[in-house]
Amino acid sequence: MATKLTFSDVYAVEIIDSDVILESDLTLAAECFVGNGSHDSGMNHFMVHTFQKSKSQPCLWSLAVYKFGNKDLQTCQMWVNKINDSLSKEVGRPKNLLVFVHPMSGKGNGRRIWETVAPIFSRAKINTKVIVTQRAGHAFDVMTSATNEELNSYDGVLAVGGDGFFNEILNGFLSSRHKAPFPPIPSDFLDALGNNSNPLVNDPNGADSEIHNNIESDPLLSSSAHNESGFSHLRTNDGSHIEDQQIENPLPNQRLRFGIIPAGSTDAIVICTTGARDPITSALHIILGKKLCLDVAQVVRWKTTSTSKIEPCVRYAASFAGYGFYGDVITESEKYRWMGPKRYDYAGTKVFLKHRSYEAEVGYLEVESEKDSSILDGSRMLSRVRSLKRKKSERNICQANCDVCNTKPVYSSTRSPPAISSPEARWLKSKGRFLSVGAAIMSNRNERAPDGLVADAHLSDGFLHLLLIKDCPHALYLWHLTQLARKGGNPLNFDFVEHHKTPAFTFTSIGKESIWNLDGELFQAHKLSAQVFRGLICLFASGPEV
Ligand SMILES: Nc1ncnc2c1ncn2[C@@H]1O[C@H](COP(=O)(O)OP(=O)(O)OP(=O)(O)O)[C@@H](O)[C@H]1O
């Protein structure tokens, strides 16, 4: 039994009328300090609502209530007032929230899950405006059309649903508000536009690997490259020039936070940011005003198919962007939505059995700390890749109050990550046949991959992890997948796996295929670029306790 409570853990206090104590209140009040004679008639009580951590799984929080009693009602009221005064001084707790509920999310439980947690918000005296979505795109439309003034009347926006639903809300928020230069353009694209760039080439298929170093003439990163190709360096997503715009609500917007109550099929973002997949835990993170900044990838599609026109289209992803295997699984699984979460297993097996590979060219920005030397020969490249395949014991796992995420200040949204525009920036290129191309913005832990795709990815370090799975025998690919599914597995420790930590990459499909998976949502792109914005949004979460 707890002998002390901290105000930061208390979310509500209320006087209760002894004559009408509900049965449910008594069962909840499993642990309570009961004064002498508290069972006497005429005794008055007040309840202090807080939470407790599960002993076996500290990230899993459950509600706890402590009951105090006194014969004098005034004394009880005085204590309630004093506690409320102290609670009102707790910073960062939300008072008004906009809540989107996806009723069909996951197993179709979105509405029921919201009804389970809604009383906790009422008890904490948080006002909620609830919108139950009628169709896909509903939340996106509300978020894009809301004025900044309307959004400013809320302390946060909640998604009761899965990763895809959160992605929709995120895109609705950012697409009309995030003002930033586009990420670098794929190099072959520049070639087509009359540019002779020749960045470093690393052929993943090994034998014909040709490595060129032409840093000085690399035009990928210069603002002029964007201008030459007809895209202004400082353009917003709606195409207007940033200089012409008044930035009303600069991003990152530390005040408006996002929250997710998990109700989806995968819920990787919730698992990575709270450590649990539990609606009550998430509700408590929100109510107690926890705050965590999150990297967001801005993905720009330049061309939808090989023959289509150049039409830049911007999307955002908070957890993952994937092509090949990942694109096929999402395409296939859409056909079996009626199966609920099981559709991913079914579609995954079907796609795995087909064992298709895709020809593509991927460019990525080399990171100073990942570099072994200024000249990368084959063996150094290999050792660099190996250095990323560290043993689990050496992994620096992202967690609550993470040192890595707290080291540098967050970027201003009006600038690209500095590494991209820095003159020392070096681009490497990988061309060949891939089973998949994946970009993990966070570890993507979920119930099928307990350590995630990249166990030591961080939530707010400004990097994504590019995973290039080169064409390999079926059995080896199965081995890689089983390592992913195993706690403590080492899925990156294979010669056919390339792993690069980078703030930006470009992609061009050489074949016809062009299906990407962004946070579990389909996105068709034959040619795209992506860059990470560090800590672009804030979440009501505190990070997992590992
Ligand atoms: N009322 C609705 N009817 C149909 N589709 C909706 C509705 N509201 C939202 N959607 C769409 O459903 C898609 C999937 O939602 P969500 O992510 O919650 O479920 P999921 O796919 O089961 O979970 P996960 O993304 O975790 O795998 C989202 O793209 C969202 O746009």
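Attention in this report is confined to the structure presented alongside it. None of these values were measured; they are calculated from a predicted model.

Focus: the overall build of the protein
Here comes step 1: When you go through the protein residue by residue, the secondary structure sums to 16 helices and 19 strands.
Here comes step 2: In the protein, which comprises 546 residues, the proportion classed as buried is 46%.
Here comes step 3: The long-range share in the protein, meaning contacts at least 24 apart out of those at least 6 apart in sequence, stands at 79%.

Some words on the pairing of strand S2 (residues 44-53)
Here comes step 1: With 7 of 10 residues buried, S2 is to be regarded as a mostly interior element.
Here comes step 2: One ladder, built from 5 bridges, connects strand S1 (residues 12-16) with S2; its direction is antiparallel. Note on S2: the bridge partner recorded for Ala-12 is His-49.
Here comes step 3: Both S2 and strand S3 (residues 61-70) contribute to a ladder of 10 bridges, which runs antiparallel. Among the inter-strand pairings, Asn-44 is bridged to a residue of S3, identified as Asn-70.

Comments concerning helix H10 (residues 279-287)
Here comes step 1: Within H10, 8 of the 9 residues are buried, leaving the element largely enclosed by the surrounding structure.
Here comes step 2: Every buried residue of H10 is listed here: Pro-279, Thr-281, Ser-282, Ala-283, Leu-284, His-285, Ile-286 and Ile-287.
Here comes step 3: Tucked into the core, H10 has its buried residues touching S2, S3, helix H3 (110-123), strand S6 (156-161), strand S8 (257-262) and helix H9 (268-274).
Here comes step 4: Of the residues one or two after H10, Gly-289 is the one with positive phi, at around 75°.

Basis of the calculations
- Residues numbered from 1 in each chain as written.
- Predicted model: local features only at pLDDT ≥ 70, side-chain atom pairs only at ≥ 80, totals over all residues.
- Helix = DSSP H or I, 4+ residues; strand = E, 2+ residues; numbered from the N terminus.
- Buried ≥ 20, exposed ≤ 12 C-beta atoms within 10 Å, placed from the backbone.
- Contact = placed C-beta atoms within 7 Å.
- Pairing = 2+ DSSP bridges.

Purely spatial values, then, with no claim about function.
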